[in-house]
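Listed here are the chains, written in short residue letters.
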Amino acid sequence: MEAKKTTITNHTDGTNRFKTPSIRIINPLTQNRTNGNSLLSVKFNTINNSTSIANSTTPLRNRNKVKLKPGHSPLDWNHIVTTKGINGELITGLSQLKEDSAFLQLNSKTSIHQLNLSIPPYKIKPHLKINKEILQRHQKWISTDDKTSTDNDYWCVIDGTVYCLTEYLDFHPGGIDIITSLKDKDLLPWFNKHHRWISYEKLLQTCFVGIYVEEKYV
Ligand code: HEM
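These notes cover the structure that comes with them. Since this is a predicted model, take the numbers as computed values, not measurements.

### Some thoughts on the coordination of the iron atom of the ligand
Thought 1: The iron atom of the ligand binds to the protein through H172 (NE2) and H195 (NE2); the donor distances cover 2.0 Å.
Thought 2: Geometry at the iron atom of the ligand is octahedral, judged from the 6 donor atoms that bind it and their angles of 88 to 179° at the metal. Taken together, the positions of H172 in the loop between β6 (161–164) and α6 (177–180) and H195 in helix α7 (residues 188–195) put the pair 23 residues apart, joining distant regions of the chain. As far as burial versus exposure is concerned, H172 and H195 are alike and both buried.

See the structure below:
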């Protein structure tokens, strides 16, 4: 049976690759899953046959979720995407990129020109190309608990696409360390292992940096 979805639509940039940021709610009872978890903490009360959203104090069995900081709910993330994200403000490290000789050699003048015009990377065509050397310069994660720390700059690769997770990490319900411990790897297999039903393309649409290219493909 097909999953029941609710989509909140905000904007579109008219491209094929990227669709509108949205929040998707999936009915866990219709999912073919083995652990009985849901996308959001939706509880189905079998005694009075009603449905309720679990509050933060409700114990979640068999879950590896972390307690997120206040102001870091999925709705908060959606708000940030539609305010900062659409302007390209969720991507850290872009100023260094403009001075990175490896990046400048790898990318077309057209793409670099758009970057210099401050066009958000998710709108740049052809997409920016990022190789391992460039990526590694953007994988610095210290902590956001230290309010004076402005050095965080965390990019990752998911299915060959480079995303900036600097802003998203604090919103990740599975925690920060589980992602940053995999910084040298394409995250797709781990992503699919934990939550293949989630659309990272939509959640991270405005965190898109570019396409990962292996050295041999350059
Ligand atoms: C980088 C892109 C990722 C995004 C956008 C993302 C997003 C999410 C979301 C929305 C949830 C909540 C799921 C729910 O409520 O059912 C979640 C939970 C979780 N994620 Fe991720 N995730 C990402 C990567 C990863 C990776 C790479 C791992 C593992 C290495 C991971 C491990 C987990 C775990 C363990 C949970 C808690 C699952 C549970 O027990 O319910 N995530 N993630």
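Right, picking up where we left off after that structure.
### Examining the packing of aromatic side chains
Thought 1: The tally for this structure, following the rule as stated, stands at 5 aromatic pairs.
Thought 2: Ring centres 5.0 Å apart and planes at 55° place the aromatic pair W77 and F171 in the tilted group. Taken as a pair, W77 in helix α1 (residues 74–83) and F171 in the loop between β6 and α6 lie far apart in primary sequence, 94 residues in all. The same class applies to W77 and to F171, which are both buried.
Thought 3: Ring geometry for F191 versus Y200: centroids 5.1 Å apart, planes at 75°, classification edge-to-face.
Thought 4: Given the relative accessible area of 14%, F191 is considered buried.
Thought 5: By the ring-pair criterion, three or more aromatic residues cluster together here, those being Y163, F191, Y200 and F208.

What counts and how
- Residues numbered from 1 in each chain as written.
- Predicted model: local features only at pLDDT ≥ 70, side-chain atom pairs only at ≥ 80, totals over all residues.
- Heavy atoms only, no water.
- Donors = N, O, S within 2.8 Å, 3.2 Å for Na, K, Ca; no water.
- Tetrahedral: all angles 85-135°; square planar, octahedral: opposite > 155°, others 65-115°.
- Helix = DSSP H or I, 4+ residues; strand = E, 2+ residues; numbered from the N terminus.
- Buried < 20%, exposed > 50% of the residue type's maximum accessible area, 1.4 Å probe, protein only.
- Phe/Tyr/Trp six-rings, centres within 6.5 Å; stacked < 30°, edge-to-face > 60°.

By themselves, these figures tell us nothing about what the structure is for.
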